[in-house]
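Survey of secondary and tertiary structure
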Amino acid sequence: MSRLSAALRRRLVSEEEVVEAVLSHHDFASAEKFVSEVFWRSYWKGWLEQRPSVWRDYLSAVSRAKDRLDASSDLKTRHEAAIGARTGIDCFDGWVEELCDTGYLHNWARMQVASIWIFTLGLPWELGAAFLFDRLIDADPASNTLSWRWVAGLHTAGKAYLADAERIRSMTEGRFSPRGLARAAIIPTDCLSTPQACAIRPVACPDPSAPTLLLSTSEDLSVESAAECRGLCVRAIAFIDGRDDWDRIALADGVRRVRQAWPEAEFLGVVDPAHLPEAAHAAGCTQIATAFLPVGPMADTLAPLHAEAGSAGSGLHRVYARLGPAHMAALSKRLLRAQGENPAAD
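Anyway, here's the lowdown on the structure attached to this text. (Residues numbered from 1 in each chain as written. Predicted model: local features only at pLDDT ≥ 70, side-chain atom pairs only at ≥ 80, totals over all residues. Heavy atoms only, no water.)

Once that is clear, we can look at the packing of helix H4 (residues 52-71) against helix H9 (residues 141-152). Contact geometry for H4 and H9: axes closest at 11 Å, N-to-C directions at 75 degrees. It follows that H4 is roughly perpendicular to H9 by the angle criterion. Touching Val54, Trp55 and Tyr58 of H4 are Pro141, Thr145, Leu146 and Arg149, all from H9. For the contact of H4 with H9, the class distribution of residues is five nonpolar, one polar and one charged. (Axes fitted to C-alpha atoms, helices over the stretch in contact; angles between N-to-C directions. Helix = DSSP H or I, 4+ residues; strand = E, 2+ residues; numbered from the N terminus. Parallel < 35°, antiparallel > 145°, perpendicular 65-115°, else oblique. Contact = heavy atoms within 4.5 Å. Nonpolar A, V, L, I, M, F, W, Y, C, P; charged D, E, K, R; others polar.)

Next up on the list: H9. Three- or four-residue spacings in an α-helix give side chains the same orientation, since the helix completes a turn every 3.6 residues. With 12 residues, H9 should cover 16 Å at 1.5 Å per step; its first-to-last C-alpha distance of 17 Å lies within 8% of that length. Burial of H9 is extensive: 10 of the 12 residues sit out of reach of the surface. Contact partners of the buried residues in H9: helix H1 (5-9), helix H3 (28-49), H4, helix H7 (107-120), helix H8 (125-135) and helix H14 (297-302). Near the N-terminus of H9, the side chain that reaches the backbone nitrogen of Ala142, with its oxygen 3.0 Å away, is that of Asp140. Gly153 lies just past H9 and shows a positive phi near 90 degrees. (Expected span 1.5 Å × (residues − 1). Buried < 20%, exposed > 50% of the residue type's maximum accessible area, 1.4 Å probe, protein only. Polar contact = N/O pair within 3.5 Å; in protein donor to acceptor, adjacent residues only side chain to side chain.)

On to the side chain of Ser5. The residue Ser5 is located in helix H1 in this model. On the basis of relative accessible area, Ser5 is assigned to the buried category, the value being 14%. Within the local environment of Ser5, its side chain forms a polar contact with the side chain of Asp138, the two groups lying 2.6 Å apart. Sequence-distant contacts of Ser5, that is, excluding residues within four places in its chain, are made with Arg41, Tyr104 and Asp138.

Further remarks concern the pattern of salt bridges. In this structure the tally under the stated criterion is 17 salt bridges. Measuring nitrogen to oxygen at the nearest pair gives 2.5 Å for the salt bridge that ties Arg257 to Glu224. Within this pair, whereas Arg257 is found in helix H12 (residues 245-261), its partner Glu224 is found in the loop between strand S1 (211-216) and helix H11 (227-230), the two being separated by 33 residues in sequence. This pair shows no difference in class: Arg257 is buried, exactly as Glu224 is. Salt bridges sharing common partners tie together Arg9, Lys45, Asp140 and Glu219. (Salt bridge = Lys/Arg side-chain N within 4 Å of Asp/Glu carboxyl O.)

Okay, the environment of Val19 next. Following the sequence through the fold, Val19 ends up in helix H2 (residues 15-25). Distance from Val19 to Ser36, taken between C-alpha atoms, is 9.6 Å for residues 17 residues apart in sequence.

The next point concerns the side chain of Asp138. Along the polypeptide, Asp138 turns up in the loop between H8 and H9. On the accessibility criterion, Asp138 (5% relative accessible area) is buried. A distance of 2.9 Å separates polar atoms of two side chains, one belonging to Asp138 and the other to Arg110.

The subject of this paragraph is the nonpolar core. Judged by nonpolar contacts, the single largest core of 54 residues is most densely connected at Phe92, Trp95 and Trp117. Within the residue set of this core, elements represented by two or more residues are H3, H4, helix H5 (73-83), helix H6 (90-102), H7, H8, H9 and helix H10 (165-171). Looking at this core, the element that brings in the most residues is H7, giving nine residues. In this structure, Trp117 is in contact with His79, Ala82, Ile83, Phe92, Gly122, Leu123, Pro124, Trp125, Leu127, Gly128, Phe131 and Trp148, ignoring residues within four places of it in sequence. (Core = buried A, V, L, I, M, F, W, Y, C linked by side-chain atoms within 4.5 Å.)

Take the packing of H6 against H7 next. The geometry of H6 relative to H7 is characterised by a closest axis approach of 10 Å and an angle of 120 degrees between their N-to-C directions. It follows from the interaxial angle that H6 and H7 lie oblique. The way H6 lies across H7 gives a crossing that is left-handed. Contacts between H6 and H7 involve Cys91, Phe92 and Trp95 on the former and, on the latter, Trp108, Ala109, Gln112, Val113, Ile116 and Trp117. Classifying every residue of the contact of H6 with H7 gives eight nonpolar, one polar and no charged. (Left-handed = near helix turned anticlockwise from the far one by under 90°.)

Another aspect to go through is the pairing of strand S3 (residues 266-270). Sheet analysis places strand S2 (residues 233-239) next to S3, joined by four bridges and oriented parallel. Counted as the bridge partner of Ala238 is Gly269 from S3. Read from S2 through H12 to S3, the crossover connection turns out right-handed. (Pairing = 2+ DSSP bridges. Right-handed = clockwise from strand over helix to strand, strands pointing away.)

A separate point is the packing of aromatic side chains. The tally for this structure, following the rule as stated, stands at 12 aromatic pairs. Judged by centre distance (5.3 Å) and plane angle (50 degrees), the ring pair of Tyr43 and Trp44 falls under tilted. Taking the relative accessible area as the measure of exposure, Tyr43 reaches 36% and is therefore partly exposed. By relative accessible area, Trp44 is classed as buried at 7%. Ring pairing ties together the aromatic residues Phe92, Trp117, Phe131 and Trp148, which thus form one cluster. Seen from the ring of Tyr104, Arg3 lies directly overhead, with NZ or CZ sitting 3.8 Å from the centre. (Phe/Tyr/Trp six-rings, centres within 6.5 Å; stacked < 30°, edge-to-face > 60°. Lys NZ or Arg CZ within 6 Å of the ring centre and 35° of its normal.)

Have a look at this one:
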């Protein structure tokens, strides 16, 4: 357990940097499990990026599930007991309390919570995913949503993850001894279909000669180190406020580094996303550049601005910040070298 996930989530450090650091001190055989966990993050992001409708369907399902809570007193009671750590299942309640107190759970504990939520408590998986996403300090749209789908038996169709009481007792060294856990996994049938993979979104690179508003977001705070950004004519710097204190702490660090990289640029501070085109125009900028935003809330927030920015004369551009096919290829080649294989054969 490295506790790097909150920094990785906001790209204060990159997956590539973490893998390089680990493999510089350990051989691949001893570090394989850790490295595979890093790759799972990139796998989830890439999978969702090629199936964005899964994210949209999830958001719609959360809304419908909340409506069901209002319509069913039994469902609402069970949901309130779950989020209030009052189910009577010792491990589940303990982990929910830990999550609410610290904003963090070990990945294995997250799997148990998800499984008990779905199969023992009989609650909609989407509400559980939303509950964790709202409280985790490392909440990642792809990792969180797709991990819950995997536990529910929707990601790998028909293969659900069922929490086991004896396994929990063993793994927690007797701290927890849950009773009444589900013995069978009843897989949700209303969301079994998985869309075919679509092409990766094209990325519009900014004009290096155009006066630019450089935008920082908690989605990716490595913009100052991205090759596509180094030669930009940055006239102004702004950022979008985070959704919680963890985002804001990370933003303070990321924005500080951006301001150090372009000390002459006007600092606009926090800007409402809806007012970005006007802010860019007032600062004399003809384009807005930001890091590539994978599928998730921030991409949803800025999506409506693309057409508006184009018509208003302020182009909104997305920049790869070492997050894309080239990034994954570099990681893959590094791993192949560590295993003694020929990367050219990949």
